[in-house]
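Chain by chain, the residues run as shown.
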Amino acid sequence: RKSSASITRFPLIPVKGVPLRNNIAENWDSIWTFRPDPSDILIATYPKAGTTWAQEIIDLLLHNGDAEACKRAPTAVRSPFLETCSPPATISGVERLKKMDPPRMIKTHLPIQLVPPAFWENKCKTIYVARNAKDNLVSYYYFDCMNQAQPEPGPWEGYVHKFMRGELAWGSWYDHVKGYWTEKEKRNILYIFYEDMKQNPRREIERIMRYLDLSVSDEVISRIVELTSFKNMKENPMANYSHVPTSFFDNSVCSFMRKGEVGDWTNHFTPEQSKMFDEDYEKQMKDVNIPFKTLI
Ligand code: A3P
């Protein structure tokens, strides 16, 4: 498929050993030296772990559940993507942030060691969303098929191995989830799971509310649960990325709001792939005990 002149599938270049899209690597200084305000909120995830969902929940909490206020602009404008560059974005994340007043909701996929140090110096609140490896992988595979800025995913079987070897954009899922997990107490990071958000959205939204020192009524929490259901977000043009041109997000492959479920991996992994993946997972995760659920 031919992509538009401005969007190409950017090759990956390692930054301190982590493969990032080449223009992120080339603009690394401007990202690394970014200075947030202490009031800024960082939303950190491995790609496809539920970033957009968390962004919507946090925006609604900050606006006391006001749906119209949270439709003021698309997600990427309301909550800038720190390390993104132009192209594919119309303006880089750092430039967009400089034009906004704090407090800002800042999205990043950077592993913890690549987060600009000023976030920790300023003790910015940080919410990390983690998703089980197999569903995260499946979601990333579809995303890499449709997102014309990401490297070609290639065939499924090879993609599984690239994920296991940490060769996809933003690097190793294993190192990513472990990096934030082991630092969560020391750096006061709220660590939440996609699967828990599916299973009990109300409880997880309340955890985020308390972490952010906010207080909204039970009725508003109920409204936020409803407004951030997969179905409602899929239909919300300010939350579903439908404004992105098809030369960038090719909707003929799949939509950004693809499926939104736990356990879709069972429709993609063969029993052999699943066994091989699980054996490798044991090795890569042996030094931590992060309670991921692969089915709910
Ligand atoms: P699937 O590809 O499995 O459908 P990110 O925002 O980090 O890019 O993650 C995108 C993934 O989160 C996609 O997963 C998307 O469908 C899912 N998602 C987005 N909003 C959701 C919601 N409100 N509820 C459940 N899943 C959601």
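I will try to describe carefully the structure that is included in this document. (Residues numbered from 1 in each chain as written. Predicted model: local features only at pLDDT ≥ 70, side-chain atom pairs only at ≥ 80, totals over all residues. Heavy atoms only, no water.)

1. Let's talk about the packing of helix H7 (residues 133-146) against helix H14 (residues 271-284)
Interhelical geometry of H7 versus H14 gives an angle of 120° and a closest axis separation of 11 Å. Judged by the angle between their axes, H7 and H14 are oblique. Remark: the crossing between H7 and H14 carries right-handed chirality. Packed against H7, whose contacting residues are Ala133, Lys134 and Leu137, the element H14 presents Ser274, Phe277, Asp278 and Tyr281 at the interface. The residue makeup of the contact of H7 with H14, split by class, is 4 nonpolar, 1 polar and 2 charged. (Axes fitted to C-alpha atoms, helices over the stretch in contact; angles between N-to-C directions. Helix = DSSP H or I, 4+ residues; strand = E, 2+ residues; numbered from the N terminus. Parallel < 35°, antiparallel > 145°, perpendicular 65-115°, else oblique. Left-handed = near helix turned anticlockwise from the far one by under 90°. Contact = heavy atoms within 4.5 Å. Nonpolar A, V, L, I, M, F, W, Y, C, P; charged D, E, K, R; others polar.)

2. What about the nonpolar core?
Counting 95 residues, the largest nonpolar core has Trp173, Tyr191, Phe277 and Phe292 as its most contacted members. Top element by residues in this core is H7. It accounts for 7 residues. Setting aside its immediate chain neighbours within four residues, Phe277 contacts Ala133, Lys134, Leu137, Val160, Phe163, Met164, Tyr174 and Phe269. (Core = buried A, V, L, I, M, F, W, Y, C linked by side-chain atoms within 4.5 Å. Buried < 20%, exposed > 50% of the residue type's maximum accessible area, 1.4 Å probe, protein only.)

3. Focus on the site of the ligand
Around the ligand, the structure places 18 residues, and the nearest of them are Thr51, Thr52, Ser139, Tyr194 and Lys259. One nitrogen or oxygen atom from the main chain of Gly50 is found 3.1 Å from an oxygen atom belonging to the ligand. A distance of 2.7 Å separates a nitrogen atom of the ligand from a polar atom in the side chain of Tyr194. Here the ligand loses 98% of its free accessible area of 570 Å² to cover by the protein chains. At the level of secondary structure, the elements contributing two or more residues to the shell around the ligand comprise helix H3 (51-62) and helix H13 (230-235). For the shell around the ligand, the element with the highest residue contribution is H3, accounting for 3 residues. (Near = heavy atom within 4 Å. Polar contact = N/O pair within 3.5 Å; in protein donor to acceptor, adjacent residues only side chain to side chain. Areas by Shrake-Rupley, 256 points an atom, 1.4 Å probe, with all protein chains shown as cover.)

4. Considering the pattern of salt bridges
For the coordinates displayed, the defined rule picks out 22 salt bridges. The closest approach of N and O atoms between Lys184 and Glu185, which form a salt bridge, is 3.0 Å. When its relative accessible area of 60% is taken as the criterion, Glu185 is described as exposed. Among the charged side chains, a salt-bridge network with shared partners connects Glu56, Asp59, Arg72 and Arg78. (Salt bridge = Lys/Arg side-chain N within 4 Å of Asp/Glu carboxyl O.)

5. Quick word on the side chain of Lys48
For Lys48, the location among the structural elements is in the loop between strand E3 (41-45) and H3. It turns out Lys48 is buried and unbridged, and the closest side chain with the opposite charge, Asp144, is 8.3 Å from it. Look past the residues within four positions of Lys48 in its chain and what remains in contact with it is Arg131, Asn136, Ser139, Tyr140, Phe143 and Phe256. (Lys, Arg positive; Asp, Glu negative; His and termini not counted.)

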